[in-house]
Amino acid sequence: ETGVTQTPRHLVMGMTNKKSLKCEQHLGHNAMYWYKQSAKKPLELMFVYNFKEQTENNSVPSRFSPECPNSSHLFLHLHTLQPEDSALYLCASSHPSTSGGLSYEQYFGPGTRLTVT
Amino acid sequence: QKEVEQNSGPLSVPEGAIASLNCTYSDRVSQSFFWYRQYSGKSPELIMSIYSNGDKEDGRFTAQLNKASQYVSLLIRDSQPSDSATYLCAVTGNQFYFGTGTSLTVIP
């Protein structure tokens, strides 16, 4: 496997379900990100991990819970989601950036298309 | 004011023409600037990064940065139908911000 992979690619879940999204990067990066992409809206940064430590949480509802066990893997645990949470969820990785300083290129996985019914 | 602004388009150019995509940003401390291409149903793909004022060329793509004007652009020379996609501008200041993207259609 090369680059950034995500599983599953498609997920349909009810509002009472619990599911997890998985991301794995094979690029030797130390920073990983979760984004949400909804139609007609800019990419929304959800969470950032640098060296397995969460460094940003952009006011994301607690029904989204990230986990980063190591620099290569990132999970997004989902529970009691709402229909408006239906979107494309993208994982990305990069070399770590300094706060307010130079940032390196982010490479995206193929995404998970989530539908909440 | 949005952190990153792009014309949503759609922008249509004939095959072989130059496509010009523009982006303005609001955070003056921004230091890193990126262009991503996103095909319909696919994830964003990095095509250019630029960190200092001036032009940076890579094949048919040229990124231009003017920090004084808080403006970054992407020129695509000899546009091909395969260039038809949405182009996202991304800027890093204190956070990584994306624009909403400009839809480009190259007409054969």
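Residues numbered from 1 in each chain as written. Chains lettered and ligands numbered in written order. Predicted model: local features only at pLDDT ≥ 70, side-chain atom pairs only at ≥ 80, totals over all residues. Heavy atoms only, no water.

Draft legend 1. Layout of the overall build of chain B. Scanning chain B for helices and strands turns up zero helices and 11 strands. Moving toward the C terminus, one meets the helices and strands of chain B in the order β-β-β-β-β-β-β-β-β-β-β. Since a compact globule built from 108 residues should have a radius of gyration of about 13 Å, the 13 Å found for chain B is in line with a globular shape. Overall size of chain B, expressed as C-alpha extent along the three principal axes, is 40 × 30 × 20 Å. Taking all contacts inside chain B whose residues are at least 6 apart in sequence as the whole, residues at least 24 apart take part in 53%. Looking at charge distribution, chain B has the averaged site of its 8 positive side-chain charges lying 3 Å from that of its 10 negative ones. (Helix = DSSP H or I, 4+ residues; strand = E, 2+ residues; numbered from the N terminus. Rg over C-alpha atoms; globule rule 2.2 N^0.38 Å. Contact = heavy atoms within 4.5 Å. Lys, Arg positive; Asp, Glu negative; His and termini not counted. Charge placed at Lys NZ, Arg CZ, Asp CG, Glu CD.)

Draft legend 2. Representation of the environment of L114 of chain A. All names here are of chain A. The topology assignment puts L114 in strand β11 (residues 112-116). With 31 residues separating them in the primary sequence, L114 and P83 have C-alpha atoms 9.8 Å apart. Residues contacting L114, with those up to four places away along its chain left out, are L11, M13, L78, L81, D85, S86, A87 and Y89.

Draft legend 3. Structural detail: the pairing of strand β6 (residues 53-57) of chain A. Residues and elements named next belong to chain A. Bridge count for strand β5 (residues 44-50) against β6 is four bridges, and the pairing is antiparallel. Looking across to β6, one finds that Y49 is bridged to Q54. Connecting the antiparallel pair β5 and β6 is a turn made up of two residues, with F51 showing a positive phi of about 50°. (Pairing = 2+ DSSP bridges.)

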